[in-house]
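# Results of the structural survey
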Amino acid sequence: MRKNIVAGNWKMNKTFSDAEELIDQIVVDMENKDLKCELIICPPAPFLEMASDYAEESRLKVGAQNINEHESGAYTGEISAPMLDSIDIEYCIIGHSERRKYFHETDEQLAQKANLLLDYGIKPIFCVGEVLEERENNTHFDVVKKQMEDGMFHLNSDEFSNVIIAYEPVWAIGTGKTASPEQAQEMHAYIRKLILEKYGKETAEEVSILYGGSCNPGNAKSLFSQEDVDGGLIGGASLKSDDFLAIASSFE
Ligand code: 13P
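Everything in this summary refers to the structure shown in the same document. (Residues numbered from 1 in each chain as written. Predicted model: local features only at pLDDT ≥ 70, side-chain atom pairs only at ≥ 80, totals over all residues. Heavy atoms only, no water.)

To continue, consider the site of the ligand. The immediate surroundings of the ligand are formed by Asn9, Lys11, His96, Glu168, Ala172, Ile173, Gly174, Gly213, Ser214, Leu233, Gly235 and Gly236. Note that an oxygen atom of the ligand is positioned 2.7 Å from one of the backbone N or O atoms of Ser214. Between the ligand and Gly235, the relevant distance is 2.9 Å, taken from an oxygen atom to a main-chain nitrogen or oxygen of the residue. The protein chains hide 94% of the 310 Å² of surface that the ligand would expose on its own. Looking at the shell around the ligand residue by residue, the class counts come to 3 nonpolar, 7 polar and 2 charged. (Near = heavy atom within 4 Å. Polar contact = N/O pair within 3.5 Å; in protein donor to acceptor, adjacent residues only side chain to side chain. Areas by Shrake-Rupley, 256 points an atom, 1.4 Å probe, with all protein chains shown as cover. Nonpolar A, V, L, I, M, F, W, Y, C, P; charged D, E, K, R; others polar.)

Let's shift gears to the pairing of strand β3 (residues 61–64). Both strand β2 (residues 38–42) and β3 contribute to a ladder of 2 bridges, which runs parallel. Bridging from a neighbouring strand, Ile40 pairs with Lys61 of β3. Here β3 pairs with strand β4 (residues 91–94) via 2 bridges, running parallel. Residue Gly63 lies in a different strand from β4, and its bridge partner there is Tyr91. Considered for its hand, the β-α-β crossover made up of β3, helix α3 (residues 81–86) and β4 is right-handed. (Pairing = 2+ DSSP bridges. Helix = DSSP H or I, 4+ residues; strand = E, 2+ residues; numbered from the N terminus. Right-handed = clockwise from strand over helix to strand, strands pointing away.)

To continue, consider the pairing of strand β1 (residues 5–9). In terms of burial, β1 is a largely internal element, 5 of the 5 residues being buried. Along β1, one buried face is formed by Ile5, Ala7 and Asn9 and the opposite face, lined by Val6 and Gly8, is buried too. Relative to β2, β1 runs parallel, the two being bridged by 5 bridges. From the neighbouring strand, Ala7 faces β2, where its bridge partner is Ile40. In the classification by handedness, the crossover that spans β1, the intervening helix α1 (residues 16–31) and the parallel β2 is right-handed. (Buried < 20%, exposed > 50% of the residue type's maximum accessible area, 1.4 Å probe, protein only.)

What follows is the structure, given as structure tokens:
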């Protein structure tokens, strides 16, 4: 059975003491709940080691928000897969639309990042999704297909079985404009079909596909109840323990 997952992408928010307070609260709050999902937080890089220490003592899992596509070397300011591995980070988001847009990341770079993460035993959370214009032009399926093909489909099926997919329609991120449960389901089913065609039924049934984009405690239940929606990648609402845990409690 595939895993339900709720992951919090903190983006560029919090200071060290705020981060420690929030993680501490999440760990306490999750102890009191019988969660039907894996809970992951993806804080900014300077807080990863501290978060990883918390994870060692709890059920909380930790992911990074990005890595560089090179293993090491003269890339000032960048963070590598072996660095994450050295502090026991289990997951890493790659291909978030903000990185594609502001840092001009290409699917070719993302494919290299995925390879490195998998070499170091870190599970990629690979983000795909269309911008508003693409949805209005009815090219959203083609866009997501190309992102999957160019970023992920070079992997063999053993490698791919360690990947999590996050569908994040760019028009829904930080806008308060969530995809409807039907729109999310339609795209998730399409992504699963692409995976089925490439890797076969068993892999397609096992891969977790998360929805991201203005997911909150009020809409999580209707999104997560869709057949092919296995959880969420949460931005703003992951910055408060109450909201994050309410979302994580939204599985039937
Ligand atoms: P919001 O939940 O703030 O819309 O952000 C979603 C997101 O980008 C998660 O990666």
